[in-house]
Structure formats: structure tokens, C-alpha cells
Amino acid sequence: MVTSSFPLVHAPSSVVVADFDGDTDLDIATGAPGLSRIEVQLNSGSGDFVPGSPIGLMPATGELHLAAGDVDGDGDPDLAAAQQVPSDVNVLIGQAGQWMVTPTLDAVSGTRRVHFADGDGDGIRDLVTICETSPTVATWTSTAFTGGLLADFDGDGRLDLIAVGELPAVSVLRGDGDGGFVCEQVFELEAPTTRDLLAAGDVDGDGRMEIVAGEPDLLEIQIVTTL
């Protein structure tokens, strides 16, 4: 028996439920394919829903699949949106009803499904995408980034991102030239570091960039070769 219903502006291709505005009531988000838009319906507290501000994504075609989960560990639900063509995945960081769109991840061709799951057992949600055209599953591990710096690490003329979090590691995401980043590499450190203790440069004169990470707990500097 249907107990209630409410209208949508666009035909949905996926739906997720989470407390997006931080009032402890479950809200609803739906993906509008073709328009590259997410509609958010906010729970009034009594089971009725009112439209929230829509979330615009990069233009794409095909299905739009959503997943909800706390990817940055701040207690607020975040969203991932997988668009079929051109196989982009947007991660939207939720902050009490406001959204910060992070750089686009370029998934494998024909991505149809996206999920949050702790794939590596470190207690932090990772991002998993499933492809339709080629039977491929891709995983991006998340380290709850707290900061980073931009530099052209691979010498292709595009800015790359080096990011750090609470774990003793630095992550390098290659720039795609369009504002997005693809393929994360993780390099382990002996202890955690911070954004203010990161630098990059060709310190050994081999023509390639290295990462310089300060380790205050160990009273040392570590050099990381990325290529």
C-alpha cells in the first residue's frame, strides 16, 4: 500500500536515501539522466518532502547512477554520481546541506554503477565503479584527504594533485587537462605528514619531480620518487 507520494521535476534513473541536511531525518536524492542533475528532496520531519536545491554536474548522456556515503569521515553523507558517457564520476562532499564538487574521476568506458564500500579494510569508504561495455570494476581508495598541492609530476604539461590525510601516505592523482584527475597512486610514508610539510621538485637532478615530505614526529625529511 502506497502511503504517500510527491512529484519530481525529471524522470529519475537512480535514488538514494541519507540525511543530507543534518537534521537527523532521511532525505532523498534522485539522478536525472540527460540533464546531468541531481534532485534533492528534503524531509520535513513528518514524512513529507520539499524540493531542495538541485545539484548540477558536468554535461553527459546516458544513465546517471548515485551512491551515498561518508567518504571524508566528517559524519556528513557525501554523494558520488556516475555518468555513462563520458564515463565521469563526480564526488560531491556534503557539508550540512551544502555541496562541494571535487575534481572529476575518469572511470572506465561505459560506467553504469557506483558504490561506496570499504574495499581495503582500513575503515574508510572507498569508491567502486562497475562498467557495462567491458566487464571491469574500478576502485579508488580513499584516505580522507586533509590537504594537498598541485604540480606537474609527470612532465605532461598538466597539473597533478598530491594529497595527504591522516594515514602515513601521500596520494598522487594525475591531471587530465580538463580539471579532473585520474588514477590514484599511493606512496607509503613512515609517519603522517601535513599539507604545510609538502613540497615538490627535482631534488636529485634526474629530470623528474620528487615529493618532499616533512615528518615532525620523526624529526626527518622523506623523499618520494613517483615515477
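The structure under discussion appears in the preceding block.
To start, this report covers the structure provided alongside it. Every value quoted in this text rests on a predicted model; they were computed, and no experiment measured them.

## A few points about the overall build of the chain
A tally of regular secondary structure across the chain gives zero helices and 20 strands. Taken across its 227 residues, the chain has 41% of its residues classed as buried. Contacts spanning at least 24 positions in sequence make up 33% of the contacts within the chain whose residues lie at least 6 apart. As presented, the chain carries roughly 11300 Å² of accessible surface, and 54% of it is formed by carbon and sulfur atoms.

## A word on the sheet that holds strand β19 (residues 210-215)
Within the open sheet, the three strands sit side by side as β18-β19-β20. Their pairing is antiparallel. A strand with exactly one partner marks an edge of an open sheet, and here the two such strands are β18 (198-201) and β20 (220-225). Within this sheet the neighbouring strands show an average axis-to-axis angle of 25 degrees, counted without direction. Where β18 lies against β19, four bridges are found, and the strand directions are antiparallel. Of the residues in β19, the one forming a bridge with Ala200 is Ile211.

Rules used in this analysis
- Residues numbered from 1 in each chain as written.
- Predicted model: local features only at pLDDT ≥ 70, side-chain atom pairs only at ≥ 80, totals over all residues.
- Heavy atoms only, no water.
- Helix = DSSP H or I, 4+ residues; strand = E, 2+ residues; numbered from the N terminus.
- Buried < 20%, exposed > 50% of the residue type's maximum accessible area, 1.4 Å probe, protein only.
- Contact = heavy atoms within 4.5 Å.
- Areas by Shrake-Rupley, 256 points an atom, 1.4 Å probe, with all protein chains shown as cover.
- Pairing = 2+ DSSP bridges.
- Axes fitted to C-alpha atoms, helices over the stretch in contact; angles between N-to-C directions.

Shape is all these values report; function is a separate question.
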